[in-house]
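If you want the building blocks of each chain, they are given just below.
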Amino acid sequence: MRKAAGVMADRAAKQDVLSALRRDLSRLESPQEARPALSLGVAALDRRLTGGRGLILGGLHEIVGTAYPDMGAVSGFAAALGARLTAQGSPPAKRALVWVVQGTGSHDLGLLYGPGLRMLGLDPRQLVLVRVRDDREALWVTEEALKTPDLAGVVTELGGGRAYDLKASRRLQLAAEKFGRPALLLAGHAAGAASAPSAALTRFRISSAASATNPLTPAAPGRLRFSVHLDRVRGGAPCHFLMEWMHETHRFAVAARLSRGADAAPRRQGAGGAAAAARPQAPARARPAKKLAV
């Protein structure tokens, strides 16, 4: 009798686990059309993301560089997305954006630079900069920040440790979906990132590109451009655009649509272009604007 009771208890426990997994899977696979989304200002890209509505707000989105020198462009692209998130509403709600960085620096491009962020359209007064010790702490802070009311979103820089895996991505995706806030995860560069499975809704791969021509001073840089590969999107197909950021209106525009592998030359010409705005090139000159660290 005791043996039979134990077997029945084991079966009941397994059924409970299976039921919980089915609930989680149904939440992860729920129709994206029912979730709030943010248009990026590019109709062709919005259609690839959610059939025309843009980036799902309640979700985890990975942003990686094509190679290590593109990490400055990754920061610039994340700052542009952050500027668009904080500019939501009419008038804008002036909600804060949390940016999580490693205490020792996840790469050698320096700290976030207040004046450069302002040039990208992201007001440093709306930025809460949180320094952490390692990837494990960064993931914990990200999950906790997603629970905070009245935030535009969370940007998190990872240092390439093993703490970020399928389980960690699933936790962040569920938290972002539950509280309806986006988590933008800067997960290194594709050349060095592990190819482990992830629960993220999208994965952007960014390459730096030559800036647009400056109409006032041709010798000076113009608007920032990014070579954007949408490598993965749940329920969609990969695509590739050369995108231009218009900081005045907080929106992107398509400079050109490219085929795969066509961005090698622009990337060499404009390597580090976005880093110059979001981060100073010399770490010695790097300084956060108005004591952003908390």
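What comes next concerns the included structure. (Residues numbered from 1 in each chain as written. Predicted model: local features only at pLDDT ≥ 70, side-chain atom pairs only at ≥ 80, totals over all residues. Heavy atoms only, no water.)

Under the definition given, this model contains 11 salt bridges. E62 is the partner of R232 in a salt bridge, and the nearest nitrogen-oxygen pair spans 3.5 Å. Taken together, the residues R232 in strand β9 (residues 225-233) and E62 in strand β3 (residues 60-65) connect sequence positions 170 residues apart. A residue is classified by how much of its surface remains accessible, and E62, at 1% relative accessible area, is buried. (Salt bridge = Lys/Arg side-chain N within 4 Å of Asp/Glu carboxyl O. Helix = DSSP H or I, 4+ residues; strand = E, 2+ residues; numbered from the N terminus. Buried < 20%, exposed > 50% of the residue type's maximum accessible area, 1.4 Å probe, protein only.)

Bringing the environment of S169 into the picture now. With respect to the helices, strands and loops of the structure, S169 is situated in helix α6 (residues 166-179). The exposure class of S169 is buried, given its relative accessible area of 0%. Along the sequence, S169 and L185 sit 16 residues apart, while their C-alpha atoms lie 9.6 Å from each other. Beyond its immediate chain neighbours, meaning those up to four positions away, S169 contacts L60, Y164, S198 and A199. (Contact = heavy atoms within 4.5 Å.)

The first and last C-alpha atoms of α6 sit 20 Å apart over 14 residues, in line with the 20 Å expected at 1.5 Å per residue. After α6 finishes, the residue G180 shows a positive phi value of roughly 70 degrees. (Expected span 1.5 Å × (residues − 1).)

This part takes up the nonpolar core. Within the largest apolar cluster, 44 residues are counted, with the highest numbers of intra-cluster contacts made by I63, W99 and F252. Per-element accounting of this core gives the leading share, 10 residues, to helix α3 (residues 71-86). Every residue in contact with I63, bar those within four places of it in the chain, is listed here: V74, F77, A78, L81, L184, L185, L186, A187, G188, F204 and I206. Ranked by size, the runner-up nonpolar core spans 22 residues in total, among them A145, L158, A163 and A176. (Core = buried A, V, L, I, M, F, W, Y, C linked by side-chain atoms within 4.5 Å.)

Moving on: the packing of aromatic side chains. Going through the model one piece at a time under the given rule, you end up with four aromatic pairs. Measuring from ring centre to ring centre gives 5.7 Å for F77 and F226, while their planes differ by 70 degrees; the resulting arrangement is edge-to-face. Placement of F77 in helix α3 and of F226 in strand β9 is noted, with a sequence separation of 149 residues between them. The exposure class assigned to F77 is buried, which follows from its relative accessible area of 0%. Assessed through its relative accessible area of 0%, F226 is described here as buried. One aromatic cluster is present, built from ring pairs that chain together F77, F204, F226, W245 and F252. (Phe/Tyr/Trp six-rings, centres within 6.5 Å; stacked < 30°, edge-to-face > 60°.)

It is worth spelling out the pairing of strand β6 (residues 151-157) at this point. Burial analysis of β6 places seven of its seven residues in the buried class, which makes it a mostly covered element. Where β6 and strand β7 (residues 183-189) come together, four bridges link them in parallel fashion. Pairing of V155 across the sheet is with L184, part of β7. (Pairing = 2+ DSSP bridges.)

Let's shift gears to the packing of helix α5 (residues 135-146) against α6. Following both chains from N to C, one finds α5 and α6 inclined at 15 degrees, their axes separated by 9 Å at the closest point. Relative to α6, α5 is oriented roughly parallel. By crossing handedness, the relation of α5 to α6 is classed as left-handed. Contacts between α5 and α6 involve L139, T142, E143 and L146 from the former and A168, R171, L172, A175, A176 and F179 from the latter. (Axes fitted to C-alpha atoms, helices over the stretch in contact; angles between N-to-C directions. Parallel < 35°, antiparallel > 145°, perpendicular 65-115°, else oblique. Left-handed = near helix turned anticlockwise from the far one by under 90°.)

Before going further, it helps to examine the side chain of R84. By secondary structure assignment, the location of R84 is in helix α3. For the buried R84, which has no salt bridge, the nearest side chain bearing the opposite charge is D46, at an N-O separation of 6.5 Å. Excluding its chain neighbours within four sequence positions, the residues that come into contact with R84 are L38, S39, L40, G41, W245, T249, H250 and R251. (Lys, Arg positive; Asp, Glu negative; His and termini not counted.)

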